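Examining the three-dimensional arrangement
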Amino acid sequence: GEGQAIAAYVQQNLRIPRRGEIGYSGDAIEGYEHSGYVMSGSRHARMNAVRIRKENQVYSAEEQRALALITMEENQQKESQLMEDFRIMLKGKAKVREQQQAAAKEKE
């Protein structure tokens, strides 16, 4: 839907088009606005409020997605470090057990 389309613009770091601007590139729109044209989406305070709210929703969703990815990566790193610590501990215990068994065989 519309949210996905806006999210696509955000992900590509492009200007989000407003009503009446669909089909024009961001550069073309800025050129028209610098020439003095008022684009229909820029004129109405209510439409601007809706656009800003939607943009903020998309940005916050993008931020949440990025934070979730960072958290997941951190958790994976912690888990892999924990697993490595367990492996080291188990190898150490196995080595001690082998030494004890070897010492017991020598006593016999």
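Since the structure is predicted, the reported quantities are computational estimates derived from the model, not experimental observations.

**A short note on the overall build of the protein**
For the protein, the helix and strand inventory stands at four helices and zero strands. When the helices and strands of the protein are listed from N to C terminus, the series reads α-α-α-α. Out of the 108 residues belonging to the protein, those deemed buried represent 14%. In the protein, the share of contacts with a sequence separation of at least 24, taken over all contacts with a separation of at least 6, comes to 40%. Accessible surface computed for the protein: about 9100 Å², of which carbon and sulfur atoms make up 53%.

**Quick notes on the pattern of salt bridges**
Enumeration over the complete set of coordinates arrives at one salt bridge. Put simply, glutamate 84 and arginine 87 hold a salt bridge, and the shortest N to O gap is 3.8 Å. Here glutamate 84 and its partner arginine 87 are both found in helix H4 (residues 45-107), three residues apart, which amounts to about one turn of the helix. Classification of glutamate 84 as partly exposed rests on a relative accessible area of 37%. Accessibility expressed as a relative area gives 44% for arginine 87, which makes it partly exposed.

**Observations regarding a nonpolar patch on the surface**
A cluster of nonpolar side chains, contributed by Leu82, Met83, Phe86, Met89 and Leu90, occupies part of the molecular surface with about 480 Å² of accessible area. Tracing the chain through its elements places leucine 90 in helix H4. Relative accessible area serves as the criterion here: at 55%, leucine 90 is assigned to the exposed category.

**Points about the confidence of the model for the protein**
Mean pLDDT over the protein works out to 80, with 83% of the residues at or above the 70 mark. H4 holds the highest mean pLDDT among the elements of the protein, 87, whereas helix H3 (residues 40-43) holds the lowest, 58.

**Notes on the environment of leucine 14**
Mapped onto the elements, leucine 14 comes out in the loop between helix H1 (2-11) and helix H2 (26-34). We classify leucine 14 as partly exposed; its relative accessible area is 42%. Each C-alpha atom of the pair leucine 14 and serine 25 lies 9.4 Å from the other, and the pair is 11 residues apart in sequence.

So, how was this worked out
- Residues numbered from 1 in each chain as written.
- Predicted model: local features only at pLDDT ≥ 70, side-chain atom pairs only at ≥ 80, totals over all residues.
- Heavy atoms only, no water.
- Helix = DSSP H or I, 4+ residues; strand = E, 2+ residues; numbered from the N terminus.
- Buried < 20%, exposed > 50% of the residue type's maximum accessible area, 1.4 Å probe, protein only.
- Contact = heavy atoms within 4.5 Å.
- Areas by Shrake-Rupley, 256 points an atom, 1.4 Å probe, with all protein chains shown as cover.
- Salt bridge = Lys/Arg side-chain N within 4 Å of Asp/Glu carboxyl O.
- Patch = residues over 30% accessible without salt bridge, like charges linked within 9 Å, V, L, I, M, F, W, Y side chains within 5 Å.
- pLDDT = per-residue confidence, 0-100.

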